[in-house]
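Spelled out, the chains give:
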Amino acid sequence: MALLTDLQNLNLSESTEKIIAEYIWIGGSGLDMRSKARTLSGPVDDPSKLPKWNYDGSSTGQAPGEDSEVIIYPQAIFKDPFRRGNNILVMCDCYTPAGEPIPTNKRYRAAQIFSDPRLSLRYGLEQEYTLLQKDVKWPLGWPWGPYYCGIGVDKAFGRDIVDAHYKACLYAGINISGINGEVMPGQWEFQVGPAVGIAASDQLWVARYILERITEVAGVVLSLHPKPIKGDWNGAGCHTNYSTKTMREEGGYEVIKKAIDKLGLRHKEHIQAYGEDNEERLTGRHETADINTFKWGVANRGASIRVGRDTEKEGKGSYFEDRRPASNMDPYVVTSMVAETTILWKPT
């Protein structure tokens, strides 16, 4: 085992200029992440200089067997915390050989929306998740407590995984801004941001990838299900914090309120796009609003949209929070939809 670890930790730069690039993409379920590695002749820091690649889409539920080739386009580069050195992680999206985005490529549409010059938007994404025991799929540490921001052997379960993930994200260049234990045992949260435009979603997907890899090593199952344990427990969400430049300037509170009004008008459309099984979480209990009800409030964690107390006081704010997205939401879909609804969409 010691030799295996030594070989895994070899510093390639001592003997070659070649690097390893781990190409990452999203599989057919829209949530399963896939990756494979290739050797490059030297360091690369610009995704446009990376070669396109392909994979068997019939094995990921994204292409038929008789025409199975899917092409992956490199879109964002991160340092690789597993191989280290000049090795990289590459976030990609997926296309047909003819260059058309495949149906599960949600990044393509998001990139179109964020290319609008009116959209210089800042996001903070709060990813909640649950760590499950491998063989029984039951949360780590169940059923002791209390847990929220807990400290101690009877309250915090999986901290070694959480801290490893925190540092690995920082190493990779992800703007991870913090972590905390959540209300349910074995449940944690990390926050990505502030990040501008599509970069927030790229970073969240790669942070998820890194977490999946770390739990793989630890022998623990990562769950992004919004209600992993039924009953009187909090679910798991991915609260989406958002602001524009005008919201952060004088008079920004009025801009925020107008944006919230527009979100309310498209509530059902947003709910449909905000993650699978979200109705199990949005019950009107456990710090949620009922899935069929749209309401907002200042400092209200039982609302669909929460505005900070400081924002109300100062008449402007660095963010407001959409509390509806589930933990398994696609950040490309959610961030671009929030932008489209609040800025580009005109109610009729």
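Residues numbered from 1 in each chain as written. Predicted model: local features only at pLDDT ≥ 70, side-chain atom pairs only at ≥ 80, totals over all residues. Heavy atoms only, no water.

Regarding the UniProt feature "domain: GS beta-grasp" (unreviewed entry) in the protein
Look at the UniProt record and you will see "domain: GS beta-grasp" (unreviewed entry) annotated at residues 19-99. Across residues 19-99, helical content stands at 0% and strand content at 48%; the span's end C-alpha atoms are separated by 27 Å. (UniProt positions renumbered as here; feature names shortened; annotations may be inferred. Helix = DSSP H or I, 4+ residues; strand = E, 2+ residues; numbered from the N terminus.)

A few points about the pairing of strand E2 (residues 33-40)
Where strand E1 (residues 19-26) and E2 come together, 8 bridges link them in antiparallel fashion. Each residue of the ladder has a partner; that of Ile 24, found in E2, is Ser 35. (Pairing = 2+ DSSP bridges.)

Observations concerning the domain arrangement of the protein
Taken as a whole, the protein is organised into domain 1 (4-105) and domain 2 (119-344). Counting from both sides, the interface comprises 17 residues of domain 1 and, opposite them, 17 residues of domain 2. Of the roughly 1600 Å² buried at the junction of domain 1 and domain 2 (both faces included), carbon and sulfur atoms supply 77%. The three residues of domain 1 that bury the most area against domain 2 are Leu 31, Phe 78 and Phe 82, which together make up 37% of that side's buried surface. The tally of links from domain 1 across to domain 2 stands at 0 salt bridges. Linking domain 1 with domain 2 are 2 residue pairs in polar contact (both at pLDDT 80 or more). Broken down by secondary-structure element, the contributors of at least two residues to the side of domain 1 that touches domain 2 are E1, E2, strand E4 (69-79) and strand E5 (88-95). (Domains from an automatic or database assignment. Contact = heavy atoms within 4.5 Å. Buried area = accessible area lost by both parts, 1.4 Å probe. Salt bridge = Lys/Arg side-chain N within 4 Å of Asp/Glu carboxyl O. Polar contact = N/O pair within 3.5 Å; in protein donor to acceptor, adjacent residues only side chain to side chain.)

Quick notes on the packing of helix H2 (residues 106-114) against helix H8 (residues 331-344)
Close contact between H2 and H8 brings their axes to 9 Å; oriented N to C, the two are set at 30 degrees. When the axis of H2 is compared with that of H8, the two are roughly parallel. Crossing hand, H2 versus H8: left-handed. Along the contact surface, H2 presents Lys 106, Arg 107, Arg 109, Ala 110, Ile 113 and Phe 114, while H8 presents Tyr 332, Val 333, Thr 335, Ser 336, Ala 339, Glu 340 and Leu 344. Grouping the amino acids of the contact of H2 with H8 by side-chain chemistry returns 7 nonpolar, 2 polar and 4 charged. (Axes fitted to C-alpha atoms, helices over the stretch in contact; angles between N-to-C directions. Parallel < 35°, antiparallel > 145°, perpendicular 65-115°, else oblique. Left-handed = near helix turned anticlockwise from the far one by under 90°. Nonpolar A, V, L, I, M, F, W, Y, C, P; charged D, E, K, R; others polar.)

Details of the packing of aromatic side chains
All told, the structure shown has 8 aromatic pairs when counted by the stated rule. Arranged with centres 5.2 Å apart and planes meeting at 80 degrees, the rings of Tyr 23 and Trp 53 form a pair that is edge-to-face. With Tyr 23 in strand E1 and Trp 53 in strand E3 (residues 53-56), this residue pair connects regions lying 30 residues apart in the sequence. Note on accessibility: Tyr 23 and Trp 53 belong to one class, buried. Taken together, a centroid distance of 4.3 Å and an interplanar angle of 20 degrees make the contact between Trp 25 and Tyr 55 stacked. Taken together, the positions of Trp 25 in strand E1 and Tyr 55 in strand E3 put the pair 30 residues apart, joining distant regions of the chain. (Phe/Tyr/Trp six-rings, centres within 6.5 Å; stacked < 30°, edge-to-face > 60°. Buried < 20%, exposed > 50% of the residue type's maximum accessible area, 1.4 Å probe, protein only.)

Examining the sheet that holds E3
The strand order across the open sheet built from 5 strands is E2-E1-E5-E4-E3, with neighbouring strands paired in mixed fashion. The strands lining the two open edges of the sheet, one partner per strand, are E2 and E3. On average, adjacent strands in this sheet sit at an angle of 40 degrees to one another, irrespective of strand direction. Lying over the sheet, helix H4 (residues 199-218) contacts E1, E2, E4 and E5, oriented at roughly 115 degrees with respect to E5.

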